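As a plain string of letters, each chain reads:
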Amino acid sequence: MRVAAVDGSPAGGGKTAATLSVVLAGAADAGATTELHRAEELTDTAGLEAFDAFVFGSPVYRASYATPMKDLLDRLPRGMWGEQAAPVTGRAAAIVMTGASWHHFLALDDLRNVLSAFFAAQVLSPGLYVPREGFGEDGELVADVAARARATGRALVELAQALETAPTVRAMRPQA
């Protein structure tokens, strides 16, 4: 089982990356091999075909996910109209978003909709949103949020394993 996390932060290495790292640690606890990538560095998306599951992470800017994530999703093939690849389609996905306050937690919905409707990814609910108070002064997740992040990683692996035994679900494709 291979899990890739994609950090859609413009700066990288911040709170989103810290959260993604804990989610990946949970996936590793469940037996997965994990990798963390910056969205803007994924210029060749062909390598994403090798992964069984994905964690898409972004800070919230203006009530939505950040530009590097948007750019990646705009370039990501989905096996339509002659495209030969569809690395996310039919695969398990989780969402992580970070923001200044709880006012932005619904930004998860925009990314969830793109992943599930446009790419036909099987998205783990409810997603993980971490506001400023979810981090300690050291920049690390506070204990209860870290526990949720690790559980998200383990649940993502379980979802990917379930999809391996559900060929009809995994075969679902975008409608248009």
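Presented here is a report on the structure given in the accompanying data block. (Residues numbered from 1 in each chain as written. Predicted model: local features only at pLDDT ≥ 70, side-chain atom pairs only at ≥ 80, totals over all residues. Heavy atoms only, no water.)

### Digging into the layout of surface pockets
Convention followed: Using only the protein atoms, space was sampled on a 1 Å grid; points where a 1.4 Å probe fits but cannot get out form cavities, open sets with protein on both sides within 12 Å along at least five of seven lines form pockets, and lining residues are those with an atom within 4 Å of a point. Grid points are joined across faces, edges and corners, and a volume is the space filled by probe spheres set on the points. What counts as a helix is a DSSP run of H or I of at least four residues, what counts as a strand is a run of E of at least two, and both are numbered from the N terminus. The classification used treats Ala, Val, Leu, Ile, Met, Phe, Trp, Tyr, Cys and Pro as nonpolar, Asp, Glu, Lys and Arg as charged, and all other residues, Gly among them, as polar.
In this structure, the largest pocket encloses a volume near 160 Å³. What lines the largest pocket is simply Ser9, Ala11, Gly12, Gly14, Lys15, Thr16, Pro59, Tyr61, Thr98, Gly99, Ala100 and Arg132. Contributions of two or more residues to the lining of the largest pocket are made by helix H1 (15–29), strand E3 (53–61) and strand E5 (92–99). The residue inventory of the lining of the largest pocket, partitioned by class, reads four nonpolar, six polar and two charged.

### Comments concerning helix H2 (residues 67–75)
One full turn of an α-helix is made of 3.6 residues, so residues set three or four places apart face in the same direction. Basically, it comes down to this: For the exposure calls, accessible area comes from a 1.4 Å probe over protein chains only, and a residue counts as buried if that area is under 20% of its type's maximum, exposed if over 50%, partly exposed in between. An arc is given here, and it is the one of the directions from the helix axis to the C-beta atoms. Any pair of residues with heavy atoms lying within 4.5 Å of one another is described as a contacting pair.
Every buried residue of H2 is listed here: Pro68, Met69, Leu72 and Leu73. Seen from one end, H2 has its buried residues packed into an arc of 135°, which puts them on one side. Exposed side chains of H2 directed beyond 90 degrees from the buried face belong to Thr67 and Asp74. On the buried face of H2, the contacting elements are strand E1 (2–7), E3, strand E4 (64–65) and helix H3 (107–118).

### Observations concerning the environment of Val60
Among the secondary structure elements, Val60 is positioned in strand E3. On the accessibility criterion, Val60 (11% relative accessible area) is buried. Each C-alpha atom of the pair Val60 and Ile95 lies 12 Å from the other, and the pair is 35 residues apart in sequence. If we ignore the near neighbours within four places in the chain, the residues touching Val60 are Met97, Thr98, His104, Ala107 and Tyr129.

### Re the environment of Arg78
Selection criterion: The definition of a polar contact used here is a pair of N or O atoms within 3.5 Å, where within protein one atom must be able to donate a hydrogen and the other to accept one, and adjacent residues in sequence count solely through side-chain atom pairs.
Among the structural elements, Arg78 can be located in the loop between H2 and E5. Arg78 gets classed as buried once you look at its relative accessible area, which sits at 4%. Residues Arg78 and Val145, 67 residues apart in the sequence, show an inter-C-alpha distance of 33 Å. Look past the residues within four positions of Arg78 in its chain and what remains in contact with it is Glu83, Ala85, Ala86, Thr89, Phe118, Phe119, Pro174 and Ala176. Among the polar contacts made by the side chain of Arg78, one reaches the main-chain carbonyl oxygen of Phe118 at a distance of 2.6 Å.

### Digging into the packing of H1 against helix H4 (residues 143–164)
Heads up, the rule is: Every angle, taken between N-to-C directions, lies between 0 and 180 degrees, and every axis is a line fitted to C-alpha atoms, over only the stretch in contact when it is a helix. Any angle that falls under 35 degrees is termed roughly parallel, while one over 145 is termed roughly antiparallel, one within 65 to 115 roughly perpendicular, and all others oblique. Two helices cross in a left-handed way if the nearer one is turned anticlockwise from the farther one by less than a right angle. They cross in a right-handed way if the turn is clockwise.
Between H1 and H4, whose axes approach to 6 Å, the crossing angle comes to 50°. In terms of orientation, H1 and H4 fall into the oblique class. H1 and H4 meet at a crossing whose hand is right-handed. For the pair H1 and H4, the contacting residues are Val22, Val23, Ala25, Gly26, Ala27 and Asp29 in the first and Ala146, Ala149, Arg150, Thr152, Gly153, Arg154 and Val157 in the second. Within the contact of H1 with H4, the residues separate by chemical class into seven nonpolar, three polar and three charged.

### Let's talk about the nonpolar core
Going by this rule: Nonpolar cores were defined as sets of buried Ala, Val, Leu, Ile, Met, Phe, Trp, Tyr and Cys residues, with membership established by side-chain atoms within 4.5 Å.
Within the largest apolar cluster, 26 residues are counted, with the highest numbers of intra-cluster contacts made by Phe56, Leu73, Val88, Met97, Leu111 and Leu115. Secondary-structure elements contributing two or more residues to this core are E1, E3, H2, E5 and H3. Broken down by element, this core gets its largest block of residues, four residues, from H3. Not counting chain neighbours up to four residues away, the residues in contact with Leu73 comprise Phe56, Tyr65, Leu111, Val114, Leu115 and Phe119. Core analysis: the second largest hydrophobic core is formed by 25 residues, Val23, Ala32, Phe135 and Leu163 among them.

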